[in-house]
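# Tertiary structure, described
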Amino acid sequence: NAGVTQTPKFQVLKTGQSMTLQCAQDMNHNSMYWYRQDPGMGLRLIYYSASEGTTDKGEVPNGYNVSRLNKREFSLRLESAAPSQTSVYFCASSEVIYGYTFGSGTRLTVV
Amino acid sequence: TQLLEQSPQFLSIQEGENLTVYCNSSSVFSSLQWYRQEPGEGPVLLVTVVTGGEVKKLKRLTFQFGDARKDSSLHITAAQPGDTGLYLCAGLRRGSARQLTFGSGTQLTVLP
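### Digging into the overall build of chain A
From N to C terminus, chain A includes zero helices and eleven strands. Put simply, chain A runs from its N terminus to its C terminus through helices and strands in the order β-β-β-β-β-β-β-β-β-β-β. For the C-alpha atoms alone, the extent of chain A along its principal axes is close to 40 × 25 × 25 Å. Burial analysis of chain A (111 residues in total) assigns 50% to the buried set. By sequence separation, contacts in chain A at least 24 residues apart represent 54% of the contacts at least 6 residues apart. On chain A, roughly 5,000 Å² of surface is accessible, and the fraction owed to carbon and sulfur atoms is 49%. A gap of 7 Å separates the mean positions of the 10 positive and 8 negative side-chain charges of chain A.

Spelled out as C-alpha cells, the structure:
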C-alpha cells in the first residue's frame, strides 16, 4: 500500500543516548515533515524539507537534526536524548498544499 | 499560546446526537484542513477548505470555513461510535512555505 513508513514504532532511550528515526514515502512527494505530538499540544513541526536537498527548521528544532537522503527518505536524529524529548513522532509527506499523508508514528520514551 | 484554538477539548456524547467542533484563530489562513486520528495511528485527512465561507459535506460531516478565513467548524449529524477519535484542525498561512499549524485537537467519544 502506498504511504509513509516510519521505523521504529517504539523506542526507549536512556538520557544522553542517540538515535535516528527513519521515514520513507512511496508517493513521489516533494515535501516531507517531522512533527512531534504531546498531550494537549497538538502536533508541532520540528523540521521540514520542501524538496530534495533542502531542509528548514520548524517550530521546535532544538535537540534535533534531519537529513533528506533522497526524494523518498527523510530521517530525524536525536544526538543526545533528553526526557523532554519523550513524545510521539510523526513523519508526513505532501505534494500539493491540500493534504498531508502521515506515517503511523514512533513512540519514544527517554528515561 | 496555540495559534489555532480548538473547542471543546473533550466531548462525550450518545450515539445519534449531533455535535459541533470549533477551530478559531486571530490569523488568516489560505486554507484549512481537518484530520481525524485514531489511537496508535497518524492523522488522516478528512477535508480541505480553501475559500472563505466555503461549506463542504462528507456524508454526516459538514465543514465550514469562516468568511474571514480565521475560523472553521466541523458538525457531525447523528454521531456513531465509529466517529470516535481525535479531530485536529490545521491551517496553512500565506507565505509559510507549506507549513501546517495544528490545533490541539478535540477528543470525541461516541457512546453506543
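### Regarding the state of the cysteines
Residue and element names in this part refer to chain A. Using the criterion set out here, one finds two disulfides over all chains in the structure. There is a disulfide in this structure between cysteine 23 and cysteine 91, and the S-S distance comes to 1.9 Å. Linking cysteine 23 and cysteine 91, the disulfide has an S-S dihedral of approximately -75° and is accordingly described as left-handed. Highlighted residues: cysteine 23 in strand β3 (residues 19–25) and cysteine 91 in strand β9 (residues 87–94), separated in sequence by 68 residues.

### Brief notes about the environment of leucine 61 of chain B
Residues and elements named next belong to chain B. Checked against the element boundaries, leucine 61 lands in strand β7 (residues 61–65). Sequence-wise, leucine 61 and alanine 79 are 18 residues apart; in three dimensions their C-alpha atoms are separated by 9.2 Å. The residues contacting leucine 61, other than those within four sequence positions of it, are Leu46, Lys56, Leu74, His75 and Ile76.

### Here's the deal with the pairing of β3 of chain A
Residue and element names in this part refer to chain A. Across the seven residues that make up β3, a large majority, five, are buried. Bridge analysis of strand β1 (residues 4–7) against β3 gives four bridges, and the strand direction is antiparallel. If you follow valine 4 over to β3, its bridge partner there is glutamine 25. In this structure, β3 lies alongside strand β8 (residues 74–78), joined through three bridges in antiparallel fashion. When the bridges of β8 are listed, leucine 21 appears paired with leucine 76.

### Let's talk about the interface of chain B and chain A
Between chain B and chain A, the residue contacts involve 22 residues of the former and 22 residues of the latter. Carbon and sulfur atoms supply 54% of the area that chain B and chain A bury against each other, a total of about 1,700 Å² over both sides. Summed over the shared surface of chain B and chain A, the number is zero salt bridges. Here chain B and chain A share five residue pairs in polar contact (both at pLDDT 80 or more) between them. Where the side of chain B that touches chain A is concerned, the elements lending two or more residues are β4 (31–37), β5 (44–49), β9 (85–92) and β10 (100–102) of chain B. Here the residues of the side of chain B that touches chain A sort into ten nonpolar, ten polar and two charged.

### Notes on the side chain of glutamine 37 of chain B
By secondary structure assignment, the location of glutamine 37 of chain B is in strand β4. If we skip the residues at most four places from it in the chain, glutamine 37 of chain B touches Gln37 and Phe90 of chain A together with Gly42, Pro43, Gly85, Leu86 and Leu88 of chain B.

### Focus: the sheet that holds strand β3 (residues 19–24) of chain B
Pairing between the strands of a sheet is mediated by backbone hydrogen bonds and can be parallel or antiparallel. Residues and elements named next belong to chain B. The strand order β1-β3-β8-β7-β6 describes an open sheet built from five strands, whose pairing is antiparallel. This sheet does not close on itself; its edge strands, each paired only once, are β1 (5–7) and β6 (55–58). Averaged over all pairs of adjacent strands, the angle between strand axes in this sheet comes to 15°, irrespective of strand direction. The sheet contact formed by β7 and strand β8 (residues 71–76) spans five bridges and is antiparallel. Paired with threonine 62 across the two strands is histidine 75, which belongs to β8.

Procedures and definitions
Residues numbered from 1 in each chain as written. Chains lettered and ligands numbered in written order. Predicted model: local features only at pLDDT ≥ 70, side-chain atom pairs only at ≥ 80, totals over all residues. Heavy atoms only, no water. Helix = DSSP H or I, 4+ residues; strand = E, 2+ residues; numbered from the N terminus. Buried < 20%, exposed > 50% of the residue type's maximum accessible area, 1.4 Å probe, protein only. Contact = heavy atoms within 4.5 Å. Areas by Shrake-Rupley, 256 points an atom, 1.4 Å probe, with all protein chains shown as cover. Lys, Arg positive; Asp, Glu negative; His and termini not counted. Charge placed at Lys NZ, Arg CZ, Asp CG, Glu CD. Disulfide = S-S within 2.5 Å. Pairing = 2+ DSSP bridges. Buried area = accessible area lost by both parts, 1.4 Å probe. Salt bridge = Lys/Arg side-chain N within 4 Å of Asp/Glu carboxyl O. Polar contact = N/O pair within 3.5 Å; in protein donor to acceptor, adjacent residues only side chain to side chain. Nonpolar A, V, L, I, M, F, W, Y, C, P; charged D, E, K, R; others polar. Axes fitted to C-alpha atoms, helices over the stretch in contact; angles between N-to-C directions.

Bear in mind that shape data such as this cannot, by itself, settle questions of function.
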